[in-house]
Each structure stands twice: as C-alpha cells, then as structure tokens.
Amino acid sequence: QQPVQSPQAVILREGEDAVINCSSSKALYSVHWYRQKHGEAPVFLMILLKGGEQKGHDKISASFNEKKQQSSLYLTASQLSYSGTYFCGTERDDKIIFGKGTRLHILP
Amino acid sequence: DTGVSQDPRHKITKRGQNVTFRCDPISEHNRLYWYRQTLGQGPEFLTYFQNEAQLEKSRLLSDRFSAERPKGSFSTLEIQRTEQGDSAMYLCASSLREKLFFGSGTQLSVL
C-alpha cells in the first residue's frame, strides 16, 4: 500500500525551514527518501531503518517513528537547490513503494 | 560507476504498435527494477529482477507488458499493442543493497 505524504506542495523563501511527512497504514521496517528535480531521475537522499533513528544529509535530516508508522523529512535553512519533488518510499518484499510526492518550491 | 542508462530517451508511437525499451544497469548491481511515472505521481513499481530471475511483477501490469533480463545484465521492457493510457515515463533503477540508482527514463507518448 502506498505511503501518504503531506503536504502535497510547499512554497518557501530561501532560508526558511520545511517539514515533509510520510505515513503508512502498514508496519514500517525502513523508510527511503528521494528527491526528483524537474525533468530528471529521482536521486537517493537517505534510508532510515527501524529503531527511531534520525539521519542527516547536509541541512536535510529525517526521523523515523516505527510505532506511529511515520517518518518526517526536515529541510533547514532551505537553499534554491532544494527545489524539487520529495518522495518517501516504504520497503516491502525487496521493492520500494513510493508516495505521491511533495513538491517543494524555493523562492529567492 | 557509469550510472544507469536507458534507451531511447523519448518514444512516440501510434496506438496498437509495440515498443521496447532498454536499460543498462550499473555493472555490479544484481537487482534491476522497472517503474512507471505519470505527471504529478510517484514512481509506480512494475517489476524487478535479481540477476536474471524475474522475482515479482505488479498485479497492475497487464499481459501486454513483458520484461526480460538475459544473463543478468541489461534488461528490456516490451509493451505490446500500446494504448494511450500507457503514456508515461518508464524508469529503470538498479541496486546492490537498499539504495536505488535511477536512469533518466524513457518518455513514452502513445498517439
């Protein structure tokens, strides 16, 4: 079953923060985050494994709450290069099922 | 690491025609995935291979779709008797462990 992402779209000014949420109705063992820029292929950001860990990638970090079956992606002091669509994915039977994505647009 | 390559980048075809796409994964990657993506949606799983074995095919995939990965190297995805609803970006990804490396995709337009 496809994970649910919120919000669907975000518009920020450069330097502002954003949070993107991902939830699943089924038990989560891992959560994957990818970013896709317009006209390009999705690019891996990070994987979170169960254990409630938090990971970071530059000024982008994420948390994973397996009890709540949720993950959140945090973008701090956003830069123009952060614009794109962010997808979370849940792993099931060796394949990743992606959400519909959150479109992030950063204004200068 | 030369990345995942897909060919062609764009394909325009008439309804009812057959089309075939090719994917060359990263050489040491044993898993290869096919996804389909339409505008405003996330990548939708179609099928995947571990080496040359096709381990799963989405139930959403009709019998008009077939994929192969001979000798566990490159893969082809064929769509027979194309329909306008098949218009989408077809993405290939390969992996060694959990992390997927995507190709640039083949954009299919069915007229």
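The structure presented is a predicted model; accordingly, all values stated were derived computationally and were not measured. (Residues numbered from 1 in each chain as written. Chains lettered and ligands numbered in written order. Predicted model: local features only at pLDDT ≥ 70, side-chain atom pairs only at ≥ 80, totals over all residues. Heavy atoms only, no water.)

Looking now at the overall build of chain B. The helix and strand inventory of chain B stands at zero helices and eleven strands. Shown N-terminal to C-terminal, the secondary structure of chain B runs as helices and strands in the order β-β-β-β-β-β-β-β-β-β-β. Taken over the C-alpha trace, chain B has a radius of gyration of 13 Å; the compact-globule value for 111 residues is 13 Å, and the two agree within 12%. Once the C-alpha set of chain B is aligned to its principal axes, its extents read approximately 35 × 25 × 20 Å. Per-residue burial for chain B yields a buried fraction of 46% across its 111 residues. Pairs at least 24 residues apart make up 52% of the contacts formed inside chain B by residues separated by at least 6 positions. Accessible area of chain B: about 5900 Å², with a carbon and sulfur share of 44%. Of the charged side chains in chain B, 15 are positive and 13 negative, and the gap between their average positions amounts to 3 Å. (Helix = DSSP H or I, 4+ residues; strand = E, 2+ residues; numbered from the N terminus. Rg over C-alpha atoms; globule rule 2.2 N^0.38 Å. Buried < 20%, exposed > 50% of the residue type's maximum accessible area, 1.4 Å probe, protein only. Contact = heavy atoms within 4.5 Å. Areas by Shrake-Rupley, 256 points an atom, 1.4 Å probe, with all protein chains shown as cover. Lys, Arg positive; Asp, Glu negative; His and termini not counted. Charge placed at Lys NZ, Arg CZ, Asp CG, Glu CD.)

Looking now at the layout of surface pockets. Counted as a void, the largest pocket has a volume near 640 Å³. The wall of the largest pocket is formed by 28 residues, among which A:Gln36, A:His38, A:Gly39, A:Thr85 and B:Leu39 lie closest to the centre. Going through the elements one at a time, β2 (9-13), β9 (84-92) and β11 (102-107) of chain A together with β9 (88-95) of chain B are the ones with two or more residues in the lining of the largest pocket. Partitioned by chemical class, the residues of the lining of the largest pocket number ten nonpolar, 14 polar and four charged. In this model, the second largest pocket occupies a volume close to 450 Å³. In this structure, the second largest pocket is lined by 21 residues; those nearest its centre are A:Lys95, A:Ile97, B:Phe45, B:Ser58 and B:Leu60. Sorting the residues of the lining of the second largest pocket by element identifies β10 (95-98) of chain A together with β4 (31-37), β5 (44-50) and β6 (53-57) of chain B as the ones contributing at least two each. With four residues, the single largest contributor to the lining of the second largest pocket is β10(A). (1 Å grid on protein atoms, 1.4 Å probe; cavity = no way out; pocket = protein on both sides within 12 Å on 5 of 7 lines; lining within 4 Å. Points joined across faces, edges and corners; volume = space filled by probe spheres on them. Nonpolar A, V, L, I, M, F, W, Y, C, P; charged D, E, K, R; others polar.)

On to the nonpolar core, then. Of all hydrophobic cores here, the largest spans 21 residues; its most connected members are A:Trp33, A:Leu73, A:Leu75, A:Tyr86 and A:Leu104. Listing elements by their share of this core, those giving two or more residues are β2, β3 (18-23), β4 (30-36), β5 (43-49), β7 (60-65), β8 (70-75), β9 and β11 of chain A. Within the second largest apolar cluster, 19 residues are counted, among which are B:Phe21, B:Leu32, B:Trp34 and B:Tyr90. (Core = buried A, V, L, I, M, F, W, Y, C linked by side-chain atoms within 4.5 Å.)

As enumerated under the stated definition, the model contains two disulfides over all chains in all. Each sulfur of the disulfide joining A:Cys22 and A:Cys88 lies 2.0 Å from the other. Taking the sign of the S-S torsion, about 75° here, the bridge from A:Cys22 to A:Cys88 comes out right-handed. Taken together, the positions of A:Cys22 in strand β3 and A:Cys88 in strand β9 put the pair 66 residues apart, joining distant regions of the chain. Here A:Cys22 matches A:Cys88 in class, with each residue buried. B:Cys23 shares a disulfide with B:Cys92; S-S distance 1.9 Å. Here the disulfide of B:Cys23 and B:Cys92 is left-handed, its torsion about the S-S bond being about -65°. In this pair, B:Cys23 is assigned in strand β3 (residues 19-24) and B:Cys92 in strand β9, connecting sequence segments 69 residues apart. Residue class for B:Cys23 comes out buried when judged on its relative accessible area of 0%. Owing to a relative accessible area of 0%, B:Cys92 belongs among the buried residues under this scheme. (Disulfide = S-S within 2.5 Å.)

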